[in-house]
Amino acid sequence: MTQISDKNKIALPRSSMPKNEIYQKMEELQKLGAHWHEGRTFSLVYHYNDEHTEFLKKIYELHFHENGLNPGAFPAIRKYEAEVVSMACQLLGAGAQGAGTMTSGGTESIMMAVKAARDYFFDKKKITQPEMILPITIHPAFSKAAHYFGVKPVYISLDSDYRVDLNQVKAAVNTNTILIVGSAPQYPHGVMDPISELAKIAKDHGIAMHVDACVGGFALPFLKKLGYDIPPFDFSVDGVWSISADLHKYGFASKGASVILHKDADYRRYQFYIRSDWPGGLFVSPSFTGTRPAGSIAAAWGALMAMGEEGYLKLHQEIMDTSKKFQKGIESLGLKIIARPVMGVFAYQAGSTEANIYVIADLLEKKGWHVDRQIHPECIHLMITPAHTPVVDAYLKDLKEVVDDAKAHPELAEGGMAAMYGMAAKIPDPTMIDQFLYQYMEDRYITGDQPMFFKV
Ligand SMILES: *Cc1c(COP(=O)(O)O)cnc(C)c1O
């Protein structure tokens, strides 16, 4: 049994604390966090510019108390959600039949995609032991959905280009398969799965195909217009049944905004939940959550209207230009960009430097960069936003120093996060670190001083 000492138990204060003191204290505490505004983080925060952020905040504040659960009460919110879904459908190649809903984020969108497929194939084919085929690079929201909804995840490894291996996908289809999933692009390396080929396999077997465009949904359509080589990935591909796309990532909306889109309204019905005999009234809920913060729905609409196609084209051109500078600089140091990333999401390995990449990561953190480490293969992940445009040179200068240091001091691999990640990357049975991950989650709920895992 996990023990938590008494001294860490916090009770509701007896008397109220002055609001200005509370706020001041919170401002102090916020300073402990990663410096996203200075471009020091490469995930978690998607910041366009201060003016855009203030605009989103103003909209959010306007609808702060309203609830998207009951659109009858708040017609403005109903309109915003319907229009956000419609705009997303048009962007992602849905025909006249396309349908969808907003959700709180990529994970909820993915949950809904898996639930719709599960309920559809139970209804139509009485499949009671459903399976879905997932590239190993698919976002964990799918294994989470599998875990929650009783669908068996069948993982497929990658080909030499880091795309899901099609022969293995074909071999994995059986009579219980309800869904094949591909990413556009996948998170770890920014690589596109072969969407058209996956959709064809799905279609040939009469099963559903979902495209996870959480990261690419509000970027790839613009990159295509800008002339980048983007293979077909959306509803224009025959056989695609549903697509998830996050507004709160490359749509630069406020957090808590994503869309799940379906090929038609009949299929969308399998996502909904209704109950007509509840004493509390006739209950309908489009997605996972009950209460839905109207602020994030309204701010998503505001973001789309304020950016327009022109705004997104300009924004994504800037991101691509900045990404290119990062990639060129990284490669010039002998590090290696993995495979062929399609947008401002990519990863690099030690390459010809032969330094330990996790030592490089630790040393970068010492210089104030918040680094995302990855395993299989060992690499560092970057997600570029306009916040990084002013810091490319500073990053590359630090990276050069750090690579030299890492080469000179291989013994650093024995300590810091490098030791932990080095172990995680090499361990033959990954479940051996499960206990450690549970501990990590428990530690985040320890009050008071920062527990071991969260020391910076
Ligand atoms: C971020 C992400 C998700 C999950 O989205 P959340 O908004 O974090 O729940 C799913 N798929 C991909 C490819 C992602 O990058």
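**Student:** I would appreciate a short explanation of the overall build of the chain in the present structure.
**Tutor:** Looking only at helices and strands, the chain has 14 helices and 13 strands in total. Projected onto the principal axes, the alpha-carbon positions of the chain cover approximately 65 × 65 × 55 Å. The buried share of the chain, taken over its 456 residues, is 48%. In the chain, the share of contacts with a sequence separation of at least 24, taken over all contacts with a separation of at least 6, comes to 71%. When the accessible surface of the chain is summed, it comes to about 23,500 Å², and 56% of that surface belongs to carbon and sulfur atoms. Positive and negative charge centroids in the chain, built from 46 and 52 side chains respectively, lie 4 Å apart.

**Student:** Quick question: what am I supposed to make of the packing of aromatic side chains here?
**Tutor:** Both the distance between ring centres and the angle between the ring planes are used here to describe each pair of aromatic rings. This structure, assessed with the given rule, holds 20 aromatic pairs. Note on F42 and Y395: the rings are 5.3 Å apart at their centroids and 65° apart in plane angle, and the pair reads as edge-to-face. Here F42 is found in the loop between α1 (19-30) and α2 (50-62), whereas its partner Y395 is found in helix α12 (residues 392-408), with 353 residues between them in sequence. Judged by its relative accessible area of 1%, Y395 falls in the buried class. Through pairs of rings, three or more aromatic residues link up here, namely Y120, F121, W241, Y267 and Y270. Taking NZ or CZ as reference, K126 lies 5.2 Å from the ring centre of F122, over its face. Between the NZ or CZ atom of K263 and the centre of the ring of Y267, over which it lies, the distance is 5.7 Å.

**Student:** I'm lost on unusual backbone geometry in this one. Help?
**Tutor:** Across residues other than glycine, the phi torsion is negative in most instances, and most of the peptide bonds are trans. Geometrically, the link from A184 to P185 is a cis peptide bond, its omega value of -15° lying close to zero. Within the secondary structure layout, P185 lies in the loop between β4 (177-183) and α7 (195-204). Backbone torsion omega between H376 and P377 reads -5°, so that peptide bond is classified as cis. Topologically, P377 is positioned in the loop between β12 (372-374) and β13 (379-383). Residues other than glycine seldom take positive phi values, yet A339 does so here, at roughly 50°. Within the element layout of this structure, A339 appears in the loop between β10 (336-337) and β11 (345-349). The class for A339 is partly exposed, based on a relative accessible area of 27%. Phi is positive for E354, which is not a glycine, with a value near 55°. Relative accessible area serves as the criterion here: at 71%, E354 is assigned to the exposed category.

**Student:** For this particular structure, what's the right way to read the pattern of salt bridges?
**Tutor:** Two side chains with opposite charge may pair up if their charged atoms get near one another. Considering all chains together, one arrives at 20 salt bridges under this definition. In this structure, the salt-bridge partner of D119 is K115, at a minimum N-O distance of 2.7 Å. Here K115 and D119 lie together in helix α4 (residues 106-125), a separation of four residues that amounts to about one turn. The exposure class of K115 is buried, given its relative accessible area of 14%. Across the pair D246 and K249 runs a salt bridge whose closest N-O atoms are separated by 3.1 Å. For the residue pair D246 and K249, the accessibility class agrees, reading buried in each case. One network of salt bridges, with partners in common, ties together K115, R118 and D119.

Cut-offs applied
- Residues numbered from 1 in each chain as written.
- Predicted model: local features only at pLDDT ≥ 70, side-chain atom pairs only at ≥ 80, totals over all residues.
- Heavy atoms only, no water.
- Helix = DSSP H or I, 4+ residues; strand = E, 2+ residues; numbered from the N terminus.
- Buried < 20%, exposed > 50% of the residue type's maximum accessible area, 1.4 Å probe, protein only.
- Contact = heavy atoms within 4.5 Å.
- Areas by Shrake-Rupley, 256 points an atom, 1.4 Å probe, with all protein chains shown as cover.
- Lys, Arg positive; Asp, Glu negative; His and termini not counted.
- Charge placed at Lys NZ, Arg CZ, Asp CG, Glu CD.
- Phe/Tyr/Trp six-rings, centres within 6.5 Å; stacked < 30°, edge-to-face > 60°.
- Lys NZ or Arg CZ within 6 Å of the ring centre and 35° of its normal.
- Salt bridge = Lys/Arg side-chain N within 4 Å of Asp/Glu carboxyl O.

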